[in-house]
Amino acid sequence: MGVARTLAVALQGLRGALVDVEASITSGLPKFTLIGLPDASLSEAAHRVLAAASNSGASLAQSRVIANLSPATLPKHGSAFDLAIALAAMAAAGSISSASIAGTVHLGELGLDGRVRPVLGVLPAVHAAVRAGARRVMVPLGNLAEAQLVPDVEVIPVASLRDAAIRHGGDFTPIPVEPVLAAPVSPRAIDDLDLSEVIGNDDAVRALVVAAAGGHHAYFLGPPGAGKTMLAERMPGLLPDLDERAALEATSIRSLTELGSVSELVTRPPFEAPHHTASAAALVGGGSTRIRPGAAVRASHGVLFLDEAPEFQPAALDALRQPLESGVITISRAHHQAEFPARFQLVLAANPCPCGLYGVSADKECTCGPGRRRAYLNRLSGPLMDRIDLQLTVNRLAPAQLLAAGDRPRRTSAEARHQVELARAAARERFAGAGWEINGRIPSKWLTEGPGRLPKRITSSLDRHYQRHAMTMRGYVRVLRVAWTLADLDGAVSPGAEHVGAAIALREGDSA
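Scope of this entry: the structure provided in the associated data block. (Residues numbered from 1 in each chain as written. Predicted model: local features only at pLDDT ≥ 70, side-chain atom pairs only at ≥ 80, totals over all residues. Heavy atoms only, no water.)

## Digging into the overall build of the chain
Keep this limit in mind: By definition, any uninterrupted DSSP run of H or I lasting at least four residues is a helix, any uninterrupted run of E lasting at least two residues is a strand, and each is numbered from the N terminus. Each residue is placed in one exposure class: buried if its accessible area under a 1.4 Å probe, protein chains only, is under 20% of its type's maximum, exposed if it is over 50%, and partly exposed if it falls in between. In what follows, residue pairs with any heavy atoms lying within 4.5 Å of each other are defined as contacts. His is not counted here, nor are the chain ends, while Lys and Arg score as positive and Asp and Glu score as negative. For charged residues, the charge sits on one atom: NZ in Lys, CZ in Arg, CG in Asp, CD in Glu.
Along its length, the chain carries 23 helices and 18 strands. Seen through its principal axes, the chain has C-alpha atoms that stretch 85 × 50 × 45 Å. Of all 512 residues assigned to the chain, the portion counted as buried reaches 51%. Of the contacts made within the chain by residues no fewer than 6 positions apart, 74% connect residues no fewer than 24 positions apart. In the chain, which carries 51 positive and 49 negative side-chain charges, the distance between the mean positions of the two groups comes to 6 Å.

So, in structure tokens, the structure goes:
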């Protein structure tokens with residue numbers, strides 16, 4: 001009898017901190033008390049631990065147990081602390097070795113029958129533990145493959161609390177149990193879509209390749225059936241595979257948001273397409289006691305597609321303005337905050353009016369007045385649109401155009417991705433050691449004062465446009481970024497006047 005200690009991990013966003021889990025057995029009436037700033041779901045751990053311990057042959061029901069999660073100032077949430085609390089209490093009661101549990105990080109939720117259930121966030125939690133110096137972690141059997149993605153750590157899988165106790169020197173008879181495994185994740189249907197399925201709209205296809213090559217945000221305006229959604233859904237297929245750092249980050253986000261089978265690193269760019277009824281919290285993340293990432297975080301290193309963009313709540317759309325610039329979402333609450341990566345490509349699609357018929361054909365008359373059309377599109381605020389690099393009008397093809405375009409050879413996603421990879425390789429070589437790799441992230445100073453400053457004879461058209469059309473300095477810089485991408489796609493060393501002119505046209509919404 002006495003005090004026993006072990007370790008767990010408290011996650012704040014993708015960052016985690018080691019937590020000392022202490023348990024003490026004292027005299028008095030039987031009671032299980034949990035302290036150390038737990039949230040509501042964690043406070044329920046006392047009931048799960050008591051039932052699981054009893055069904056594992058180490059009843060704590062007649063003991064007075066105090067479990068403390070230290071530091072007490074750090075908020076803790078979720079059920080992943082169950083295993084650590086149970087083992088600390090069993091060690092304090094003398095059922096297992098206190099020395100054995102002291103150097104091991106424990107993660108896992110307990111079922112009432114004593115089985116250890118998979119939990120969210122094992123990958124970032126194990127990473128945090130290793131960064132803090134831990135070298136051994138015990139995880140649910142259902143999270144084994146995920147935990148093994150982290151190098152330089154011994155991973156011990158367990159199916160039940162009884163198995164965990166035996167591994168820590170407990171004198172228990174092994175009883176086989178059916179392990180609780182995470183459900184397999186279905187393959188993404190988006191991965192099967194190919195650019196060759198897009199018929200016509202060559203300018204829009206070219207804009208999509210430009211967006212993929214430079215990491216630029218895009219906006220497609222056009223009537224229903226023009227192909228806006230079809231284009232956006234093929235954007236991930238044009239993007240290169242994720243590098244090791246991006247793959248690790250994308251996999252950690254998936255681990256934090258999907259209770260599924262994560263057995264290998266995510267290597268393809270993610271794609272998120274939330275419904276237009278999504279709130280600001282659903283887009284960027286939120287929560288009171290536990291902060292959860294939103295669609296923009298899940299789209300990190302990939303594509304966030306907002307179809308019917310004017311139908312989204314204006315406040316939800318404007319919540320994206322800050323992460324579009326910084327690539328980070330920080331959500332603050334009274335007692336804690338969480339920071340998530342949010343380096344995504346935004347693709348917006350909108351109809352020209354609420355009924356979608358404005359300018360479609362003479363046979364179908366739009367019932368929306370000019371004021372209603374303006375109010376509809378003005379739901380996309382000026383500051384948000386100022387952050388969109390490519391803005392195109394996509395027209396619906398007439399039957400004759402569709403038939404003519406269908407006979408022409410079309411570019412496949414593999415061919416377009418090869419172009420994108422060549423352009424990105426040229427950008428990486430140019431920016432070697434600078435801290436960024438793609439044109440969409442070039443700092444304005446590099447473009448206007450540094451090595452990327454272009455001669456006046458090349459930027460003269462942009463300078464005139466800036467003066468005459470009330471373009472912001474942010475818009476000016478974004479045109480220059482697109483010009484560099486166009487130059488990379490053409491194999492040019494630096495942009496020429498034709499690249500700057502084409503970038504202006506892409507920015508100003510020339511019709512496709």
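## Here's the deal with the environment of Gln391
In plain terms, the rule: Counted as a polar contact is a pair of N or O atoms within 3.5 Å, where, for protein atoms, one must be capable of donating a hydrogen and the other of accepting one, and residues adjacent in sequence contribute only when both atoms are in side chains.
Along the chain, Gln391 turns up in strand β18 (residues 390–393). Of the residues examined, Gln391 reaches a relative accessible area of 18% and is grouped as buried. At 3.2 Å, the side chain of Gln391 forms a polar contact with the backbone oxygen of Ile388.

## Thoughts on the pairing of strand β1 (residues 3–12)
Here is the rule: At least two bridges found by DSSP between two strands is the condition for calling them paired.
Among the ten residues in β1, eight count as buried, and that is most of the element. One ladder, built from ten bridges, connects β1 with strand β2 (residues 15–26); its direction is antiparallel. Its bridge partner lying in β2, Val9 is registered against Leu18. Taking the residues that link successive antiparallel strands as the turn, the β1-β2 hairpin has two residues, and the phi of Gly13 there is positive, at about 70 degrees.

## Here's the deal with the pattern of salt bridges
How we decide: Note on definitions: salt bridges are taken to be side-chain nitrogens of Lys or Arg within 4 Å of carboxyl oxygens of Asp or Glu.
A complete count under the given rule lists 18 salt bridges for this structure. With a closest N to O distance of 3.6 Å, Asp318 and Arg321 form a salt bridge. Glu325 is paired through a salt bridge with Arg478; the nearest N and O atoms lie 3.3 Å apart. In this pair, Glu325 is assigned in helix α15 (residues 321–326) and Arg478 in helix α22 (residues 473–490), connecting sequence segments 153 residues apart. One network of salt bridges, with partners in common, ties together Glu325, Asp386, Arg387, Asp389, Arg474, Arg478 and Arg507.

## Topic: the side chain of Asn351
Relative to the elements of secondary structure, Asn351 occurs in the loop between β17 (345–350) and α16 (370–377). One polar contact links Asn351 to Lys228, side chain to side chain, over a distance of 3.4 Å. Each residue touching Asn351, except ones within four places of it in the same chain, is listed here: Leu221, Gly222, Pro223, Pro224, Lys228, Glu308, Gly356, Tyr376 and Leu377.

## What to know about the layout of surface pockets
Quick reminder of the rule: Note on definitions: the grid is 1 Å and covers protein atoms alone; a cavity is a set of points where a 1.4 Å probe fits but cannot get out; a pocket is an open set with protein on both sides within 12 Å along at least five of seven lines; lining residues have an atom within 4 Å of a point. Grid points are joined across faces, edges and corners, and a volume is the space filled by probe spheres set on the points. The nonpolar class holds Ala, Val, Leu, Ile, Met, Phe, Trp, Tyr, Cys and Pro. Asp, Glu, Lys and Arg form the charged class, and all remaining residues, Gly among them, are polar.
Roughly 1,200 Å³ of internal volume is contained in the largest pocket. For the largest pocket, the lining is made up of 44 residues, of which Arg245, Glu249, His301, Arg343 and Arg441 are closest to its centre. When residues of the lining of the largest pocket are traced back to their parent elements, those giving at least two are α5 (122–131), α11 (244–257), α15, β16 (337–341), α19 (413–430) and α22. Considering every element that reaches the lining of the largest pocket, the biggest residue donor is α11, with five residues. Looking at the lining of the largest pocket residue by residue, the classes come out as 17 nonpolar, twelve polar and 15 charged. By volume, the second largest pocket is sized at about 600 Å³. Around the second largest pocket, the lining comprises 22 residues; the ones closest to its centre are Val185, Arg188, Arg254, Val266 and Arg268. Mapped onto the lining of the second largest pocket, the elements with two or more residues apiece are α11 and β11 (271–272). Tallying contributions element by element places α11 first for the lining of the second largest pocket, with four residues. Residue composition of the lining of the second largest pocket, grouped by class: nine nonpolar, five polar and eight charged.

## Digging into the packing of aromatic side chains
Inclusion rule: Between rings of Phe, Tyr and Trp, where Trp is taken as its six-membered ring, a pair exists when centres lie within 6.5 Å; planes separated by under 30 degrees are stacked, by over 60 edge-to-face, and by other angles tilted.
Applying the stated criterion across every chain, the model contains five aromatic pairs. Each ring, one from Phe431 and one from Trp446, has its centre 5.2 Å from the other, and the planes form 80 degrees; the classification is edge-to-face. Of the two residues, Phe431 is situated in the loop between α19 and α20 (444–448) and Trp446 in helix α20; the sequence distance between them amounts to 15 residues. Residue Phe431 is classed as buried on the basis of its relative accessible area of 2%. These aromatic residues form a ring-pair network of at least three members: Phe431, Trp436, Trp446 and Trp484.

## Some remarks on helix α23 (residues 497–507)
Note the cut-off: This arc is built from the directions going out from the helix axis to the C-beta atoms.
Listing the buried residues of α23 in full gives His499, Val500, Ala503, Ile504, Leu506 and Arg507. For α23, the angular spread of buried residues about the axis comes to 165 degrees, placing them on one side. Residues of α23 that are buried in the fold lie against α8 (202–214), α17 (382–385), β18, α21 (456–468) and α22. Two residues or fewer past α23, Gly509 is found with a positive phi of approximately 80 degrees.

## A word on the packing of α21 against α23
Our working rule: Only C-alpha atoms enter the line fits that serve as axes; for helices the fit covers just the stretch in contact. Angles between N-to-C directions range over 0 to 180 degrees. The labels follow the angle: roughly parallel below 35 degrees, roughly antiparallel above 145, roughly perpendicular from 65 to 115, and oblique for the rest. The crossing is said to be left-handed when, going from far helix to near helix, the turn is anticlockwise and less than a right angle, and right-handed when the turn is clockwise.
Running from N to C, α21 and α23 cross one another at 25 degrees; their axes reach a closest spacing of 7 Å. Between α21 and α23, the angle falls in the class roughly parallel. For α21 against α23, the interelement crossing comes out right-handed. In this structure, α21 uses Arg457, Ile458, Ser461, Leu462 and His465 to contact α23, whose residues at the interface are Ala497, Val500 and Ile504.

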